[in-house]
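Here are the chains, one letter per residue:
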Amino acid sequence: QIMNFTSIEYFLTLEQERSFSKAAEKLNITQQTLSGHIAAVEKEMGCRLFTRRIPLDLTYAGKIFLEHARHIRMEDTELRQSMREIREERRGKLTIGISPTRGRALMPWIITSYQKKWPDITVALREGSNDALEDFVRNGTVDAAIGAFPKPKGENFALTEFYSEEIVLLMSPEIYETAFSEKAPGTRMLEEEKEFSFLARCPFLLNPEGDIAGRFGRNLLRQAGIMPLIRAESSNIETLLELCVRGGGACFTPVNLARAVLTEKTFASLVQVRFAQGAAYEISFISLPQRNQWKMLQDFIKEAKKLYPGQGI
């Protein structure tokens, strides 16, 4: 066997899965076939690319090979798509990076509308935390990502604003009344930092720092000098919202995503605490400049903005 684009793709899939069995299953090939391709590449390169232990890990040579393999895949992907668009073929695959809950809130509507125009385009979603999405774009894992990217880290990304999001703190009326010692309103606005002191009496359900809502909530509590009582932590905002509804604690969340997850009646039953400053931010598309020129991606962005023109969902 001589190294080719197939071998590169097999290597990248194995690097992602760190398991021959999982990678072979994802590629829909046998472990023997996968092992043969990797062994052939290692023979051609003259060195091991993976340490043979569980889970698999890259050797130093493997890490260097990974950088070049990603670049080769990106060049191949961009070349093939450019040729399709020159031939005006409306087919191919578009990979979008997005957080799981935002994907649930946005993608069913956008993909359905988009595929009326591009019925032969496969839209693949790659889910991850907001912080991970930049890396997905940078290494070519996705064609574009949707998230909060105020200043992508030193990269020449193409950025297109999508809509504005706002983080609120949701809690049951019982939690609010215990913390505030007053009857629960539907919505409460906190305008000054001194008003945050009541949060010291709240139990919390928090996302990790890598999540937008988790970072906002933890920073706000730190700035207020509050050591929070954390009853549950999860990267899954849907789990936290369900706990919130059951009276498990207060949850920082983008309000539009909460509305997408909860029924209108359930959302209305919760107290919504809003913050006068620092709680709103822009959701944008980012992509590498060369991929941003793809017509199928440009049309996807146009369709998304047409459905949600600057106001979220």
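Above this text sits the structure in question.
Reading the values: the criteria
- Residues numbered from 1 in each chain as written.
- Predicted model: local features only at pLDDT ≥ 70, side-chain atom pairs only at ≥ 80, totals over all residues.
- Heavy atoms only, no water.
- Helix = DSSP H or I, 4+ residues; strand = E, 2+ residues; numbered from the N terminus.
- Buried < 20%, exposed > 50% of the residue type's maximum accessible area, 1.4 Å probe, protein only.
- Contact = heavy atoms within 4.5 Å.
- Lys, Arg positive; Asp, Glu negative; His and termini not counted.
- Charge placed at Lys NZ, Arg CZ, Asp CG, Glu CD.
- Pairing = 2+ DSSP bridges.
- 1 Å grid on protein atoms, 1.4 Å probe; cavity = no way out; pocket = protein on both sides within 12 Å on 5 of 7 lines; lining within 4 Å.
- Points joined across faces, edges and corners; volume = space filled by probe spheres on them.
- Nonpolar A, V, L, I, M, F, W, Y, C, P; charged D, E, K, R; others polar.
- Axes fitted to C-alpha atoms, helices over the stretch in contact; angles between N-to-C directions.
- Parallel < 35°, antiparallel > 145°, perpendicular 65-115°, else oblique.
- Phe/Tyr/Trp six-rings, centres within 6.5 Å; stacked < 30°, edge-to-face > 60°.
- Lys NZ or Arg CZ within 6 Å of the ring centre and 35° of its normal.
- Core = buried A, V, L, I, M, F, W, Y, C linked by side-chain atoms within 4.5 Å.
- Expected span 1.5 Å × (residues − 1).
- Disulfide = S-S within 2.5 Å.

(A) The arrangement of the overall build of the protein chain in detail. What the protein chain contains, in helices and strands, is 13 helices and twelve strands. In terms of principal-axis extent, the alpha carbons of the protein chain reach across some 75 × 45 × 35 Å. Counting over 313 residues, the protein chain shows a buried share of 48%. Within the protein chain, contacts between residues at least 6 apart in sequence are counted, and of these 72% link residues at least 24 apart. Across the protein chain, the 41 positively charged side chains and the 40 negatively charged ones have centroids separated by 2 Å.

(B) Layout of the pairing of strand β10 (residues 250-254). Burial runs high along β10: five of the five residues are buried. With two bridges connecting them, strand β8 (residues 203-206) and β10 associate as parallel partners. Its bridge partner being in β10, L205 is matched across the sheet by C251.

(C) Just the layout of surface pockets, in detail. One number sums up the size of the largest pocket: a volume of about 910 Å³. Lining the largest pocket are 32 residues, and of these E9, R73, K93, T95 and T141 lie nearest its centre. Looking at the lining of the largest pocket, the elements with two or more residues in it are α1 (5-17), α2 (20-27), α4 (60-86), β3 (91-98) and β4 (120-127). At eight residues, α4 tops the list of elements feeding residues into the lining of the largest pocket. Of the residues in the lining of the largest pocket, the class split is eleven nonpolar, nine polar and twelve charged. In this structure, the second largest pocket occupies an estimated 350 Å³ of space. Together, 20 residues line the second largest pocket, and F216, L220, Q223, Q277 and G278 are the ones closest to its centre. Put simply, the parts of the chain that give the lining of the second largest pocket at least two residues each are α8 (212-223) and β12 (280-287). Sort the elements by how many residues they give to the lining of the second largest pocket and α8 lands first, with six residues.

(D) Fine view of the side chain of S234. As for its placement among the helices and strands, S234 is situated in the loop between β9 (229-233) and α9 (237-245). Discounting chain neighbours no more than four positions away, the residues touching S234 are L206, N207, P208, T239 and L240.

(E) Molecular detail of the environment of F5. Within the element layout of this structure, F5 appears in helix α1. A relative accessible area of 46% means that F5 is categorised as partly exposed. Counting along the chain gives 71 residues from F5 to D76, while the straight-line C-alpha distance between them is 8.2 Å. If near-sequence neighbours (up to four positions away) are discounted, F5 is found in contact with I72, D76 and R80.

(F) Structural view of the packing of α2 against helix α3 (residues 31-45). Direction vectors running N to C along α2 and α3 enclose 105 degrees, while the axes themselves pass 9 Å from each other. The angle between α2 and α3 places the two elements in the roughly perpendicular class. Between α2, through F20, S21, A23, A24 and L27, and α3, the contact on the second element is made entirely by Q31, L34, S35 and I38. Broken down by class, the residue content of the contact of α2 with α3 amounts to six nonpolar, three polar and no charged.

(G) Looking closely at the packing of aromatic side chains. Under the counting rule described, the total for this entry stands at 14 aromatic pairs. Looking at R126, its charged tip hangs above the ring of F136, at a distance of 4.2 Å from the centre.

(H) Expanded view of the nonpolar core. Within the largest apolar cluster, 52 residues are counted, with the highest numbers of intra-cluster contacts made by F162, M171, F252, F275 and F300. Contacts of F275, omitting those with residues within four sequence positions, involve I167, V168, L169, M189, L190, F196, F216, L220 and F252. If you look at the next biggest cluster of nonpolar residues, it comprises 18 residues, including V41, L49, L58 and L66.

(I) Representation of α3. If you check α3, its first and last C-alpha atoms are 21 Å apart, about what 15 residues at 1.5 Å a residue would give, namely 21 Å. For α3, the set of buried residues is L34, H37, I38, A40, V41 and E42. Just downstream of α3 lies G46, where phi reads positive at about 80 degrees.

(J) Molecular detail of the packing of α1 against α3. Packing of α1 against α3 brings their axes to within 10 Å, and their N-to-C directions diverge by 105 degrees. By the criterion of interaxial angle, the relationship of α1 to α3 is roughly perpendicular. Along its contact with α1, which presents T6, S7, Y10, F11 and L14, the element α3 presents L34, H37, I38 and V41.

(K) Focus on the state of the cysteines. Per the counting criterion, the structure on display carries zero disulfides. Of the cysteine sulfurs around C244, a residue in no disulfide, the closest is that of C251, at 5.6 Å. Since its relative accessible area comes to 0%, C244 is described here as buried.

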